[in-house]
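Summary of the model geometry
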Amino acid sequence: MAVKPYLIRIASQKGGVGKTTIAVNLSAALAQKGYDVLLVDADTTNPACGFHLGMEKSNRGYYDVIKKGSNIKEAIGIHAPSGLHVLNGRIDAMPFVISYAEAKRFVASASKLPYDFVILDTQPGFYDPKIAELADEVLFVTTPDMPSCTSTIKLSIEANNRMVKHALLINRVQGTRYELNEREIADMYEGRMSGKLPEDPLVQEGIASQIPVVLNRKKSPFVKAINRLADMYALNKPSKAQPRRSSVISIFRRRKSQP
Ligand SMILES: Nc1ncnc2c1ncn2[C@@H]1O[C@H](COP(=O)(O)OP(=O)(O)OP(=O)(O)O)[C@@H](O)[C@H]1O
Ligand SMILES: [Mg+2]
């Protein structure tokens, strides 16, 4: 029986905090662990997932599905090195606004596809909370500074008011004395903390080479942290679909289920 994919919307109020980097690397990490993952570049102003994956020349994508009624299956491309499926953004499309009805139609059709996870990268800024409600979870991203955190807290208050499930991930942590630490951020945020990702120059090397760092820099601090995040999603995914390929997680599950 087909299992409904778990839909994660990656969001932040402020720009440049690492949403796209996290969306791409988390999706690739889950795909590497054997899960069927669809990464959707749902950034309606500056789609950028294609640049991270060497797929920026796609001539069909999210824009076409939303605004032109293109068939979602026909607009999805495959990132061969990771096995990740990608509904790209169109870098040549002008910024556009998406209505609640369009978002609802999109989520309904994406939810019928045979994926374990659908991960949506989005543009920064305040969003229609009704649209956020369509996701199973919103993963907020912040950097460890007051302006970024307070803007995220505002989004999370709106999410709480609408009973949207959400979690917070802190990115670009350097451990300097002037950064907010995890405890300070947790004290401000009413929701689940999803951990932290370190500042890591290899991330930018990965973007420049169009090979996500998670695919070839296993020992980098960022990759270790993103793999922990992927494991957390894999183990907590409500429907607990089994990955198709053998992986550490499936072995762990098998061992746990043995008497
Ligand atoms: N953990 C990290 N370590 C080092 N550099 C990082 C890290 N995370 C993100 N970056 C860098 O920060 C910059 C912004 O990241 P990214 O584009 O992913 O942010 P964004 O939130 O998607 O931005 P936008 O809001 O404009 O869509 C990029 O140059 C990226 O390489
Ligand atoms: Mg982005």
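Overview of the structure.

Conventions adopted
- Residues numbered from 1 in each chain as written.
- Chains lettered and ligands numbered in written order.
- Predicted model: local features only at pLDDT ≥ 70, side-chain atom pairs only at ≥ 80, totals over all residues.
- Core = buried A, V, L, I, M, F, W, Y, C linked by C-beta atoms within 7 Å.
- Buried ≥ 20, exposed ≤ 12 C-beta atoms within 10 Å, placed from the backbone.
- Helix = DSSP H or I, 4+ residues; strand = E, 2+ residues; numbered from the N terminus.
- Contact = placed C-beta atoms within 7 Å.
- Pairing = 2+ DSSP bridges.
- Axes fitted to C-alpha atoms, helices over the stretch in contact; angles between N-to-C directions.
- Left-handed = near helix turned anticlockwise from the far one by under 90°.
- Nonpolar A, V, L, I, M, F, W, Y, C, P; charged D, E, K, R; others polar.

Turning our attention to the nonpolar core. Within the largest apolar cluster, 69 residues are counted, with the highest numbers of intra-cluster contacts made by L30, V37, L39, F117 and I119. If you tally residues by element for this core, the top one is helix 1 (residues 19-32), at eight residues. With residues up to four places along the chain from it excluded, the contact list for V37 reads S27, L30, A31, L84, H85, Y115, D116, F117 and I119.

Backbone-to-backbone hydrogen bonds pair the strands of a sheet. The strands run either parallel or antiparallel. Here we have eight strands laid out as an open sheet, ordered 3-4-2-5-1-6-7-8, and mixed in their pairing. For this open sheet the edge positions go to strand 3 (77-79) and strand 8 (192-198), each flanked by a neighbour on one side alone. Strand-to-strand twist across the sheet, computed as the mean angle between neighbouring axes with direction ignored, equals 25 degrees. Of the strands in this sheet, strand 1 (6-11), strand 6 (137-142) and strand 7 (166-173) are in contact with helix 7 (residues 146-161), which crosses strand 6 at around 165 degrees.

It is worth spelling out the packing of helix 1 against helix 11 (residues 221-236) at this point. Closest axis-to-axis distance for the helix 1/helix 11 pair is 9 Å, and the angle between their directions is 60 degrees. Helix 11 is crossed by helix 1, and the crossing has right-handed handedness. For the pair formed by helix 1 and helix 11, the contact residues are N25, L26, A29 and L30 on the first element and I226, N227, L229, A230, Y233 and A234 on the second. In the contact of helix 1 with helix 11, the residues fall into eight nonpolar, two polar and no charged.

Interpretation in functional terms is not warranted from these geometric data alone.
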